[in-house]
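# Observations on the three-dimensional arrangement
Chain by chain, the residues run as shown.
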Amino acid sequence: MKRTAWTVSSWVLALLLTLPIMALIYEALLPTEDVFRHLWGSVLPTYISNTFWLVLWVMVFSFLAGVPAAWLMAMCELPSKRWLQWALILPLAMPSYIVAFVYTDLLDFSGPVQGTLRHWFGWQSASDYYFPAIRSLGGAALVLGLVLFPYVYLLARTAFMEQSMSLVQSSRLLGCTPWQSFKKVSLPLARPAIVVGLSLVAMETLAEFGTVNFFAVNTLTTAVYDTWLGYGSLNAAAKISAIMLLVVMLLLSMERMSRKRQQVFQKHMGQEQQRGYVLTGVTKWSALIFCWGLVALGFLLPFIILCYHALRYFDQAWNSRFFEYSLNSLLLSSLVAGLAILVALVLGMSHRLTGKTYTQIPKRLASMGYALPGTVLAIGVLVPLTSLDFAINDAALWLGMTEPGLLFTGTMTAIAFGYLVRFGAMAIGSVESSLGKVSPSLDMVTQTMGYSPSAMMMKVHVPLIRKGILAGALLVFIECMKELPAALLLRPFNFQTLATYVYQFVSDEQLELGALPAIVIVLVGLIPLIFLNRSLEQAH
């Protein structure tokens, strides 16, 4: 394949992967239907208000949990610190709707906590005492905060570790206490990284569906889901999705601005020096209880309860449906991971062969889907594929042929395409990073020997970047295994993945029967965290 063909192919792939975004914007700009007017005049303001407060409270919780934990791990000497550094990122592997079910089971009126309190104090009914409702906006914020605070923790910890200790020591020589040193020196220097972490938390909260739907907290995400499946209005769903898209663009702008400021700070940093406050007495135990408490509430307690249910209901859970849906998830995730690597190789090689700045544009366009919430992306996928299905059926009728049915939205095509748009950025980034480490002289030698660009890629680049390819494919595979909102909207009839299978039990409040597949999802989610932790340890 010639260089021009590589360039054309990269642009075609990029436009294909941005098709859902363009279709979503086009559909949102069409004249407003009655359904959207009805929603805007009735419930949509409440949905927007709930979304705003949910995002705000989750960001506040993530800040209060993630920043102190990051500072303790970066600046202090604590017993079991080596384990804590790793354990504090474990909540990221736990699907939030599973945590929501576990705490509802524990804290609801019929749960063991309230039951024990009633037994101890002799209360007879709910009117005899006050207990905060877990099925509320506050409860959803608490659950999401427990699962999402590691984003802030990871980035803040890295920022604290990269700070020069001479600045902290200088502040101490000027008479600052450790708290004043943290407040006046460490926190302002880490602020850009913290803002990036909070932006990620806000985007994940905005995209969240399982927890808010389980708690019956109406947000924009549930509005998109209900509008499409309840009213069948693609136009109204697209307009609500466009509102969410605007919020995502705003959050991305904040994140980019913070990254630029972070680069300025890092230019002025010195060499890393010996660091560490040695905590003793009450301070040490308070720090340990705080950090291990976050790990226990965000991961250990839900995981132990899952294991208990999995063992107790193993006979019911170990059935043919478990194997069937596991196989569905495995095949779908493998297919998307393979396609994502092919796209990443075409985009990466196109830029490498030409070396022009404009060939970076297809890569950036193809990576845009990762920022979209799953429900928004699903609507963006449905808009063009539904039109295409109707067009094919109309054409078949016009030709006097039998209608073929829903070739795209009624098969795995839609869900596979949606996953590719959503997670392709991971493979593109991994392959791009690996290709950047291959010396250009190898390209020149290979071309001198008469190899075509395709042969050069297969015989030289692919063997050299195989680790990057494997890492990219693995990340895409894992995210596909865990994805829920897009799967709920894009899956064909009577098709289940492990995530939708588990969520079905959560919705029916029968997680006991879905504990075994839930554990599989959690264990699969641990793999990227192991890679992440190892890379951070190697970097420092």
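Data block above holds the structure.
Described below are features of the structure shown in this document. Because the structure is a prediction, the values reported are computed rather than measured.

The next thing to look at is the overall build of the chain. Along the chain, the regular secondary structure elements total 24 helices and two strands. Its C-alpha radius of gyration of 25 Å places the chain within 12% of the 24 Å reference for a compact globule of 540 residues. Structurally, the chain occupies a C-alpha span of about 80 × 65 × 50 Å along its principal axes. Counting only residues that meet the buried cut, the chain has 51% of its 540 residues in that class. Sequence separation of 24 or more characterises 82% of the internal contacts of the chain that already satisfy a separation of 6 or more. With an accessible surface of roughly 25500 Å², the chain has 66% of that area assigned to carbon and sulfur atoms. Mean positive and mean negative side-chain charge positions of the chain (34 and 26 charges, respectively) differ by 17 Å.

Going through the model one piece at a time under the given rule, you end up with 21 aromatic pairs. Aromatic side chains Phe 121 and Trp 123 sit 4.9 Å apart centroid to centroid with 20 degrees between the ring planes, which places their arrangement in the stacked category. It is Arg 118 that lies over the ring of Phe 109; its NZ or CZ is 4.0 Å from the centre. One Lys or Arg, Arg 135, reaches over the ring of Phe 214 and ends 4.8 Å from the middle of that ring.

The subject of this paragraph is unusual backbone geometry. Even without a glycine there, the phi angle at Ser 80 is positive, about 60 degrees. Mapped onto the secondary structure, Ser 80 falls in the loop between strand E1 (76-77) and helix H4 (81-87). A positive phi angle, close to 65 degrees, is found at Asn 494, a residue other than glycine. With respect to the helices and strands, the residue Asn 494 is situated in the loop between helix H22 (485-490) and helix H23 (498-507).

So, on to the pattern of salt bridges. As enumerated under the stated definition, the model contains six salt bridges in all. Taking the shortest distance from any N to any O, the salt bridge between Asp 443 and Arg 352 comes out at 2.8 Å. With Asp 443 in helix H19 (residues 440-448) and Arg 352 in helix H15 (residues 320-354), this residue pair connects regions lying 91 residues apart in the sequence. When sorted by exposure, Asp 443 lands in the same class as Arg 352, which is buried. Here Lys 363 makes a salt bridge to Glu 432, at a shortest N to O gap of 3.2 Å. Here the residue Lys 363 occupies a position in helix H16 (residues 360-366), and Glu 432 occupies one in helix H18 (residues 412-435), the gap between them amounting to 69 residues. Given the relative accessible area of 3%, Lys 363 is considered buried. Overlapping salt bridges bring together Lys 363, Arg 364 and Glu 432 as one network.

Looking now at a nonpolar patch on the surface. Judged by side-chain polarity, Phe 52, Trp 53, Leu 56, Trp 57, Val 60, Phe 63 and Leu 64 come together as a nonpolar surface patch covering roughly 660 Å² of accessible area. Position of Phe 52 among the secondary structure elements: in helix H3 (residues 44-75).

Glancing now at the packing of H15 against helix H20 (residues 453-464). Packed helix pairs are specified by the crossing angle of their axes together with the interaxial distance, meaning the distance between the axes. Two elements in contact, H15 and H20, have axes separated by 12 Å at closest approach and are oriented at 105 degrees. Considering their axes alone, H15 and H20 lie roughly perpendicular with respect to each other. Facing H15, whose interface residues are Leu 345, Met 349, Arg 352 and Leu 353, H20 presents Pro 453, Met 456, Met 457, His 461 and Val 462. Looking at the contact of H15 with H20 residue by residue, the class counts come to seven nonpolar, one polar and one charged.

Now for helix H9 (residues 178-207). Helix length check: H9, at 30 residues, gives a terminal C-alpha distance of 38 Å against a target of 44 Å (1.5 Å per residue), a shortfall beyond 12%. The sharpest bend along H9 measures roughly 55 degrees and falls at Arg 191, with the proline Pro 192 sitting one to four residues further on.

The next subject is the environment of Glu 162. Within the fold, Glu 162 resides in helix H7 (residues 137-162). On the basis of relative accessible area, Glu 162 is assigned to the partly exposed category, the value being 26%. In the structure, Glu 162 is positioned 27 residues away from Leu 189 in sequence and 9.8 Å away in space, judged by C-alpha atoms.

It is worth spelling out the side chain of Thr 18 at this point. Locating Thr 18 in the fold gives a position in helix H1 (residues 3-29). Of note is the side chain of Thr 18, whose polar atom sits 2.9 Å from the backbone oxygen of Ala 14. Not counting chain neighbours up to four residues away, the residues in contact with Thr 18 comprise Leu 365, Ala 366 and Met 368.

What follows deals with the side chain of Asn 50. Here Asn 50 is to be found in helix H3. At a separation of 2.9 Å, a polar atom in the side chain of Asn 50 contacts the main-chain carbonyl oxygen of Asn 218.

So, how was this worked out
- Residues numbered from 1 in each chain as written.
- Predicted model: local features only at pLDDT ≥ 70, side-chain atom pairs only at ≥ 80, totals over all residues.
- Heavy atoms only, no water.
- Helix = DSSP H or I, 4+ residues; strand = E, 2+ residues; numbered from the N terminus.
- Rg over C-alpha atoms; globule rule 2.2 N^0.38 Å.
- Buried < 20%, exposed > 50% of the residue type's maximum accessible area, 1.4 Å probe, protein only.
- Contact = heavy atoms within 4.5 Å.
- Areas by Shrake-Rupley, 256 points an atom, 1.4 Å probe, with all protein chains shown as cover.
- Lys, Arg positive; Asp, Glu negative; His and termini not counted.
- Charge placed at Lys NZ, Arg CZ, Asp CG, Glu CD.
- Phe/Tyr/Trp six-rings, centres within 6.5 Å; stacked < 30°, edge-to-face > 60°.
- Lys NZ or Arg CZ within 6 Å of the ring centre and 35° of its normal.
- Salt bridge = Lys/Arg side-chain N within 4 Å of Asp/Glu carboxyl O.
- Patch = residues over 30% accessible without salt bridge, like charges linked within 9 Å, V, L, I, M, F, W, Y side chains within 5 Å.
- Axes fitted to C-alpha atoms, helices over the stretch in contact; angles between N-to-C directions.
- Parallel < 35°, antiparallel > 145°, perpendicular 65-115°, else oblique.
- Nonpolar A, V, L, I, M, F, W, Y, C, P; charged D, E, K, R; others polar.
- Expected span 1.5 Å × (residues − 1).
- Bend = angle between axes of the 7 residues up to and from the residue.
- Polar contact = N/O pair within 3.5 Å; in protein donor to acceptor, adjacent residues only side chain to side chain.

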